[in-house]
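# Commentary on secondary and tertiary structure
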Amino acid sequence: MAKKKDKQLESVECIVQAMDEKKGVDILSMDLREIPGASFDYFVVCEASSGPQVRAIADEIEEQMYLKFNLDPLHKEGYANAEWVLLDFGGVVAHIFLDSTRRHYRLEELWGDSGIKHFNGDKE
């Protein structure tokens with residue numbers, strides 16, 4: 001089981017780096033492992049200021065996850081409208097939001113009991 005967790009943490013790090021590379025804002029991870037009923041172990045979240053930037057971040061995540069782990073998303077959605085792209089890599093899910101969409105859905109509040117780790121630019 002430890003190998004699975006290590007691989008997941010490596011995936012989180014890879015996703016965070018890809019988000020940062022494409023100038024994602026307010027990057028954070030949420031550790032959901034201790035949350036009853038959570039379907040995933042980690043969420044990694046960031047926001048972007050435009051649809052093209054949302055897509056660029058999603059593309060970078062996909063590319064880096066494939067290059068480092070030979071892993072494609074099991075599921076992805078939201079790419080067409082680029083307001084909220086979700087990339088499911090098994091136990092780790094990347095969420096790339098348009099800034100206004102992130103404020104609307106407030107994912108961090110929904111999963112507020114999770115262990116949240118901020119990577120760049122804490123928001124209030």
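Remember, predicted model here, so these are calculated numbers, not experimental data.

## Describing the nonpolar core
By size, the foremost hydrophobic cluster in this structure holds 25 residues, and its most contacted members are Ile15, Met19, Ile61, Leu87 and Ile96. Of all elements in the fold, only helix H1 (2-21), strand S2 (42-48), helix H2 (51-69), strand S4 (84-88) and strand S5 (92-98) reach the threshold of two or more residues within this core. Apart from the residues lying within four places of it in its own chain, the contact partners of Ile61 are Ile15, Ala18, Met19, Leu87, Phe89, Ala94 and Ile96. If you look at the next biggest cluster of nonpolar residues, it comprises 10 residues, including Met30, Val45, Leu86 and Phe97.

## Describing the environment of His95
With respect to the secondary-structure elements, His95 resides in strand S5. Taking relative accessible area as the criterion, His95 reaches 3% and is therefore assigned buried. Taking the C-alpha atoms as reference points, His95 and Arg33, separated by 62 residues in sequence, lie 17 Å from one another. Look past the residues within four positions of His95 in its chain and what remains in contact with it is Met19, Phe43, Val44, Val45, Cys46, Trp84, Val85, Leu86 and Leu107.

## Some thoughts on the environment of Glu60
By secondary structure assignment, the location of Glu60 is in helix H2. Contact partners of Glu60, with chain neighbours within four places excluded, come to Ala18, Glu21 and Lys22.

## Some remarks on the pairing of S5
When you tally the buried positions in S5, you get seven out of seven residues, the bulk of the element. Across seven bridges, S2 lies against S5 in parallel orientation. Bridged to Tyr42 within S5 is Val92. Bridge count between S4 and S5: five bridges; the pairing is antiparallel. Each residue of the ladder has a partner; that of Val85, found in S5, is Ile96.

## Quick notes on the sheet that holds S2
Across the sheet, which stays open at both edges, the six strands sit in the order S3-S4-S5-S2-S1-S6 with mixed pairing between neighbours. Edge positions in the open sheet fall to strand S3 (75-77) and strand S6 (115-120), since each of these has one partner strand only. Between one strand axis and the next, the sheet turns by 15° as a mean value, whatever way the strands run. Note: strand S1 (residues 25-31) against S6, five bridges, orientation antiparallel.

## Thoughts on the side chain of Glu108
Of note, Glu108 is situated in helix H4 (residues 107-110). Since its relative accessible area comes to 18%, Glu108 is described here as buried. Residues within four places of Glu108 in sequence aside, it is in contact with Asp26, Leu28, Met30, Arg102 and Ile116.

## Topic: H2
For H2, built from 19 residues, the straight-helix expectation of 27 Å at 1.5 Å per residue is met to within 8% by its first-to-last C-alpha distance of 27 Å. Buried within H2 we find Gly51, Gln53, Val54, Ile57, Ala58, Glu60, Ile61, Glu62, Gln64, Met65 and Phe69. Once H2 ends, the next one or two residues include Asn70, with phi positive near 55°.

Reading the values: the criteria
- Once a new chain begins, its residue numbering starts again from 1 and follows that chain's sequence as written.
- Given that this is a predicted model, residues contribute local features only at a pLDDT of at least 70 and side-chain atom pairs are listed and counted only at 80 or more, while totals for whole chains, interfaces and linings are drawn from all residues.
- Water and hydrogen atoms play no part in the side-chain values, which are based on all heavy atoms of the structure.
- In this text, buried Ala, Val, Leu, Ile, Met, Phe, Trp, Tyr and Cys residues form a nonpolar core when linked through side-chain atoms within 4.5 Å.
- Throughout this description, buried means an accessible area under 20% of the type-specific maximum (1.4 Å probe, protein chains only), exposed means over 50%, and partly exposed covers the range between.
- For helices the rule is a DSSP run of H or I covering at least 4 residues; for strands it is a run of E covering at least 2, with both sets numbered from the N terminus onward.
- Contact criterion: two residues are considered in contact whenever any of their non-hydrogen atoms come within 4.5 Å of each other.
- Strands are treated as partners if at least two bridges between them are detected by DSSP.
- To get an axis, fit a line to the C-alpha atoms, keeping to the stretch in contact for a helix; angles then go from 0 to 180 degrees between the N-to-C directions.
- To estimate how far a helix should reach, multiply one less than its number of residues by 1.5 Å.

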